Amino acid sequence: MDSRTYYKADIIEALISKKDSTKSSDVYVKIHIEGHPPQKTKVFKELDGKAVWNEHFMLPIDVETQLEIKQRRNAFFKHGSRSLGKVRLDATAILRQPVVALSQDVRLNFPLDEVLLHDASQHGYILVRLHKPEELVQLAHSSVAKSFSVLISRLETFVQVVGIASQIHPFASLAWQIVSSLYTIAKDQLDRDKRIGDLTDMMEDVYTFVDDVKSFPSRLASQEETIKKIMFQTIECMLFIQEYSGHGFCRRAFNKQWADEQIARFTQTFTMLKASLNTGVGVQIALIAHRMYEDVQSIVQSQSLAKLHPADMDDPSRPTCLPQTRSDLLSSIFSWAMNPSSSQNVLWLHGPAGSGKSTITTTIANITRDLGRLGAFVFFSRRMAARNDPAAVVRTLAFQLGEFDHRLGAAISTVIKSTPSIRQSPLRQQFHKLLVQTLSESELAVWSQEGPVFVIIDALDECGHIGDREDLLGVLALESVKLPPTLRIIVTSRTELDIQEALEARKNICSIPIDIDSPANDKDIHLYLHDRLQNIRSKNKYLSLPQEWPGRSAIDALAARARGLFMWAFTACRYVESGQYPEERLADLLRADVCSNAESALDLIYSTALESVRRWEDPAFSADFRDILGVVIAARNPLTASIIDRLNEAASVSRTRPSLHTIQHLGCVFRGTTSEPIQLIHPSFEDFLTDRARCKRDEWFVDVSLSHQRLARQCISCLRAILKQNMCNLTLTKSGIDVGILPEDITYSCIFWIEHVCELERSEESLSIVVYDFLVKHLLHWIETMSLLKKARHTIKLLMRLEDWGRSTQSRHQELCDLLADAVRFCQAFTVVIEQHPLLVYSSALPFSPTNSVIYRLFKDELSIPVVAGGFRDEWSPLLMDIPRPRGEVTSLSLSSDGSQLISTVARGCHVWDVMSGELLIEGPKDDVAMSVFAPGGQLAASCLFTGSIVLWDTFSGQMMGQLLKGDQGAIYALAFSPDGTHLISGGQDRAIIMWNVQAASIILDSPAMHTKTVMCLAFSPDGLRYASGSRDGTIRIWDATSGRMVLGPLCGHSGGVYSVAFTPDGTRIVSGSDDKHVYVWDVQADSSLNQSPQASVPIKLRGHRSTVFSVAISPDGRFIASASKDTTVRLWSLESREELSHLVRRHKTSVRCVAFSKQYGRLRLVTGASDATVRIWDIESVGSMGVARKHKGLVSHLAFSQDGRRIVSGSVDRTVRVWDPVTGLGLLGPLNLEQPVHSVALPADNVRILAADREGAVFAWDATTGEHLNATPADDPSYHSIVGSLSLERKWIVDSTTGTVLTMLPTMSPVKSQASSGNCMVLGLANGGIVIIRFPSTLQLV
């Protein structure tokens, strides 16, 4: 143990007074300690002669110490660093003073004779902070622990400095790994051993080279061979110390004399390596191997081993891992191999075809061969008979191990001599006699003390066929555990079923799958492609390919196609390399249809894999294969084998054999296990199977269209067998549901059956009939299940797609088309309700559907669902959807190019919505947003702020892209993208219009202000050559998009500010809206004669609005104009006839601020936003009313039932009282008039009078039969005759208050202002004057 006392010293700073004060240099402090290796600070660039470090060191207190300032070598100092001065540090004198603080700053001045290149008039200095040791006791860290710590630190530094591409790197990384591991488990024990301490001190001294390499990386090349030897020797030395400490594979003490000799030999070797580094002269140094074999082999022994007739494993062309790739996986494998505590002596590395297993094993083999630890390397190939024979494996392993170690070779030779027929013996016997028995003999027991020896068996799946290798697998699985733990066996294969069953569950076998989807693997693919393609570029120097060829985007595209498979990347690079013109070949790969040469390489892989099954002559196997592969290829989500089987069973498929019975033979081309989804190994395999010309065999060919049809029928059959009302036996609640996971076959079928149907462009008539028969029985059940799956909103898109399929098929099924059209409206109207609870499909959506709708007539069942007396409405409302309110006035709407997404802007920010489902996709910029617009393409949007800035943001993430665009415009109110999305124009308070380059975020045009007031609106022409602006000054101007020059205008006609402009699709006309209440249509065809003429265009005036027109829009086909106004209406106009389509007026409750057209799946929709924060989507053709028919002309203020429940009386603010039949909803009596709004009503128990009271408290009475006015007394006040039923309305939920049973949820309708109930009937009075009477089933509970 080191008996010295240590103290902590901080090197704070140094001052160097230089002759040339203008030139800075790199300096560091070198600490010289007698009897110890020097230590160094980091290199620091001094500034005006001063350098600061603040680095900490542990120094011995009783040893002479010198601090030296060194200037880092530069071009003028070729040989090492230059000394700038030295100072002596006498820590003993300072720290042993009678009174000293716990820490003390000491300034050490340079002696004048030590000051080089300095101004002699001013001394330089080094400032040191000394920390007093507690009671001046010995430092707890011993020599060994300290040396290990230094070694680890320097190895870690060296690994980083040397660069992954260097040939030294894998050995340096492995050395660091072993040193770190040993330090953790054995440092305390080794601290007590002086011999090991001396050895590690020497190693610490040797590793000072790391500091030089770090400071002067150029030295690495000249010393690489010596440093590589140091790494080799470090690994061997650490393996020796590991065994010596009792923490190795042997776990028992060495022979002391031999151990001392080994320590001395290691010490001597490190001394010679240190000298070689210092002199720079390479010398022949015999490295010391911890393994004790002698590198001699008698001719007789070699001849004896040859009698085993091993397979030839000579293949120097096998590729290795590219430097920088597979580092994590290689590290894990070496960690396992070098770890004696692991009881698993076999590692099974498995993965799909083409994932790089063989490259990994070759890399490991090369590293371990250099380390002298590769015992055997056996690899198989189906294309070579000599390398695919399972019977030759044990013999080949024994031969190579015998060649590797003469002691084992001698023992194996003895077995061969005693058993000449060993080559014909069963594999188990061969393994036992040649390996287990020989390695357990006393003279070979020392193997367990010598560290790991690697045995590599690569591509086991190519060793014969299933059945042929059964015995070999049994031997590896059952007998390998009997081998010494120091023998580390690495086996690689594809995940074939027989190999998996043999190896996976064994305790002594470590199973490591290659994750081809991991980020590390993807990074390695990128590196591989980049390196290979750069190499191709350099080989084609006369083509002058760009330095960065092929570029990041091309490599990304290739890596994405590779899908984690190195074989694809390898084949692709070979394809590019073999062509006359690499760029042309690369373009072929990046196109959808890959050139035949590239396909041939992949086709060979897949053909080889399939041919190995050897069952294709069996028609049943071939049919099963095609059926299963058809499902796997057609399926939208990967399915497990059990799900595939259940789908088959549901469809009554004649095949009864489990899918795994077939799949088990095809593990090399499938991904997945018995419990995991089955997936094809790579998309190109699907291409191979679905192209008859490529796969060349009918047994392999998969007809995708037929597979979709078959899977569609399977899904429908599966659902037909299980779907029913309230399938999960739920109870309707207000809090929603928490249902367990539905069976996967039901889940998959529900979500994807429509997609499979719609894949069939030319469907046979029978499938249309199957779909119709399914829907007329199970449409509502399917919608219920989609709600269970939290996918209620998805039903809209799916049904729209199915409707289009139904209309486009040759055998059009009209009843199916009508049902689907109605189903789309049903889901659009009630999705918000249905997603609250699945049972609301029956208790809310169906009862409130129009009585003339197909769905209502098809599914109504008055015994099991609530009934709305007289029907809620007759026809569907034109209002398709209310998008949830984002709070705040909607100031702008913008639709993506494909019409699928919508941005709504409110003062607090903007939101991106899915137009079909109304689902919120993302939130955009927040605070002070005036308007937002989509760029063409739909991924980019721009928002202008009241602060005068513009934000460009990603509509997928909501994140801002680049910097804010600022143009000193004041508040910005108008934005518009050019049709190609490259330019953006903005206008606002300062009246000027700025054009921006979107990519560069820079101003292109900043035209002078021509408008006299704020610019309120902008629009590009469809061809992008012109743009229009509208202003509060009442004019419209047309501008040239290239020069910014006004080419037409000002167009005058509006008597108020222009709030909106829009070009027609052909660009010949502009439509504008103004606060003069009018919509104008202008002819703006390019005509230079009209330029600047006030009479350039006489607009067509469209009258109809009663207040400001805030927004105008033109339909994509140019047929319609829509205008949104402060008068709460949205009006539609025919552009051709210039007439209002008055039957298509749409309304909000408050002023409508914006309007836009949307077209998707062939359907034209209208989107509107209002100041009440509502965004609505409208059907453009429906003429039905928006809500319930009005029974009163004003709000229904009070309702009451008669005591027998057979009549209902209503009172309204319209000053009338009416009586209704609760069964039919028809009026029985009224109106009965009052002079004031009605406050309350009643039907007293006598059943002969109707009572009412107005707001002022006056009481009225009428004859219940004739309506004749009767005298009333204060006792006739309705409040004395009120009847309170058990049903109540809790927000939108109707609940039986006596039992707490939830009965239904109200859909979107006018607000409820009054209510009453009697028995199982409830009546609601609405703000719009409507009355809704709901009669529930007599059980008062939906089951």
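One can find the structure itself at the top, above this paragraph.
Residues numbered from 1 in each chain as written. Predicted model: local features only at pLDDT ≥ 70, side-chain atom pairs only at ≥ 80, totals over all residues. Heavy atoms only, no water.

## Some thoughts on the pattern of salt bridges
- Summed over the entire model, instances satisfying the criterion amount to 29 salt bridges.
- The closest approach of N and O atoms between Glu835 and Arg793, which form a salt bridge, is 2.9 Å. Note that Glu835 is positioned in the loop between α30 (814-834) and α31 (840-845) and Arg793 in the loop between α28 (765-788) and α29 (794-808), a separation of 42 residues in sequence.
- Taking the relative accessible area as the measure of exposure, Arg793 reaches 12% and is therefore buried. (Salt bridge = Lys/Arg side-chain N within 4 Å of Asp/Glu carboxyl O. Helix = DSSP H or I, 4+ residues; strand = E, 2+ residues; numbered from the N terminus. Buried < 20%, exposed > 50% of the residue type's maximum accessible area, 1.4 Å probe, protein only.)

## Some thoughts on the sheet that holds strand β55 (residues 1293-1296)
- The strand order β54-β55-β56 describes an open sheet built from three strands, whose pairing is antiparallel. Taken across any chain shown, the strands that pair with only one partner, and hence form the sheet edges, are β54 (1287-1290) and β56 (1301-1305). Across this sheet, the average inter-strand angle for adjacent strands is 30°, counted without regard to direction.
- Pairing geometry for β55 and β56, over four bridges, is antiparallel. Paired with Ile1294 across the strands is Thr1304, a residue of β56. (Pairing = 2+ DSSP bridges. Axes fitted to C-alpha atoms, helices over the stretch in contact; angles between N-to-C directions.)

## Comments concerning the nonpolar core
- In terms of nonpolar packing, the biggest core is built from 131 residues, with Phe158, Phe209, Met231 and Leu460 touching the most fellow members.
- No other element matches the twelve residues that helix α6 (residues 219-244) contributes to this core.
- Counting residues in hydrophobic clusters, the runner-up holds 128 residues, among them Ala641, Trp700, Leu1287 and Leu1326. (Core = buried A, V, L, I, M, F, W, Y, C linked by side-chain atoms within 4.5 Å.)

## Structural notes on helix α10 (residues 357-370)
- With 14 residues, α10 extends 20 Å from end C-alpha to end C-alpha; this agrees with the ideal 20 Å at 1.5 Å per step.
- Of the residues flanking the end of α10, it is Gly372, one or two places downstream, whose phi is positive at about 75°. (Expected span 1.5 Å × (residues − 1).)

## Some remarks on the sheet that holds strand β29 (residues 993-997)
- If you trace the four strands from one edge of the open sheet to the other, you get β27-β28-β29-β30, paired in antiparallel fashion. The sheet is open, and its two edges are formed by β27 (972-977) and β30 (1002-1007), each paired on a single side. Each strand axis lies, on average, 25° off the axis of its neighbour in the sheet, ignoring direction.
- Pairing between strand β28 (residues 983-988) and β29: five bridges, direction antiparallel. By the bridge assignment for β29, Leu984 is matched with Trp996.

## Thoughts on the packing of aromatic side chains
- For the structure on display, the rule yields 20 aromatic pairs.
- Ring centres of Trp616 and Phe621 lie 5.1 Å apart, and the angle between their planes is 70°; this geometry places the pair in the edge-to-face category. Note on accessibility: Trp616 and Phe621 belong to one class, buried.
- An angle of 75° between the planes, with centres 5.2 Å apart, marks the rings of Trp753 and Phe774 as edge-to-face. Placement of Trp753 in helix α27 (residues 744-758) and of Phe774 in helix α28 is noted, with a sequence separation of 21 residues between them.
- Of the residues examined, Trp753 reaches a relative accessible area of 0% and is grouped as buried.
- Classification of Phe774 by relative accessible area gives buried; the value is 0%.
- Taken together, the aromatic side chains of Trp616, Phe621, Phe625, Phe688 and Trp700 make up a single cluster linked through ring pairs.
- Looking at Arg107, its charged tip hangs above the ring of Tyr125, at a distance of 4.0 Å from the centre. (Phe/Tyr/Trp six-rings, centres within 6.5 Å; stacked < 30°, edge-to-face > 60°. Lys NZ or Arg CZ within 6 Å of the ring centre and 35° of its normal.)

## Digging into the side chain of Ser413
- Locating Ser413 in the fold gives a position in helix α12 (residues 406-418).
- A residue is classified by how much of its surface remains accessible, and Ser413, at 11% relative accessible area, is buried.
- Here Ser304 takes part through its side chain, which lies 3.5 Å from a polar atom of the side chain of Ser413.
- When near neighbours in sequence (up to four residues on either side) are disregarded, Ser413 contacts Gln301, Ser304 and Leu305. (Polar contact = N/O pair within 3.5 Å; in protein donor to acceptor, adjacent residues only side chain to side chain. Contact = heavy atoms within 4.5 Å.)

## Regarding the pairing of strand β33 (residues 1035-1040)
- By the criterion of burial, β33 is predominantly enclosed, with five of the six residues buried.
- Relative to β33, strand β32 (residues 1026-1031) runs antiparallel, the two sharing five bridges. From the neighbouring strand, Gly1030 faces β33, where its bridge partner is Ile1036.
- Linking β32 back to β33 in an antiparallel pair, the connection comprises three residues, with Gly1034 at a positive phi of about 85°.
- Here β33 runs beside strand β34 (residues 1046-1052); their pairing, made up of four bridges, is antiparallel. Looking at β34, one finds that Thr1035 is bridged to Cys1052.

## Overview of the packing of α29 against α30
- Two elements in contact, α29 and α30, have axes separated by 9 Å at closest approach and are oriented at 165°. With respect to α30, the axis of α29 lies roughly antiparallel. Between α29 and α30 the crossing geometry is left-handed. Contacts between α29 and α30 involve Thr795, Ile796, Leu799, Met800, Leu802, Glu803, Trp805, Gly806 and Arg807 from the former and Leu816, Cys817, Leu820, Ala821, Ala823, Val824, Cys827, Gln828 and Thr831 from the latter.
- Each residue belonging to the contact of α29 with α30 can be placed in one class, and the counts come to twelve nonpolar, four polar and two charged. (Parallel < 35°, antiparallel > 145°, perpendicular 65-115°, else oblique. Left-handed = near helix turned anticlockwise from the far one by under 90°. Nonpolar A, V, L, I, M, F, W, Y, C, P; charged D, E, K, R; others polar.)

## As for helix α16 (residues 519-539)
- Between its first and last C-alpha atoms α16 spans 30 Å; for 21 residues at 1.5 Å apiece the expected length is 30 Å, and the two agree.
- Along α16, the residues that are buried comprise Asn521, Asp524, Ile525, His526, Tyr528, Leu529, Arg532, Leu533, Gln534, Ile536 and Arg537.

## Quick word on the packing of helix α13 (residues 427-439) against helix α14 (residues 470-479)
- Between α13 and α14, the shortest axis-to-axis distance is 9 Å and the interhelical angle comes to 40°. As the angle between them shows, α13 and α14 are arranged oblique. Both α13 and α14 take part in a crossing whose hand is right-handed. Residues Leu427, Arg428, Phe431 and Val436 of α13 form the contact with α14, whose participating residues are Asp471, Leu472, Gly474, Val475, Leu478 and Glu479.

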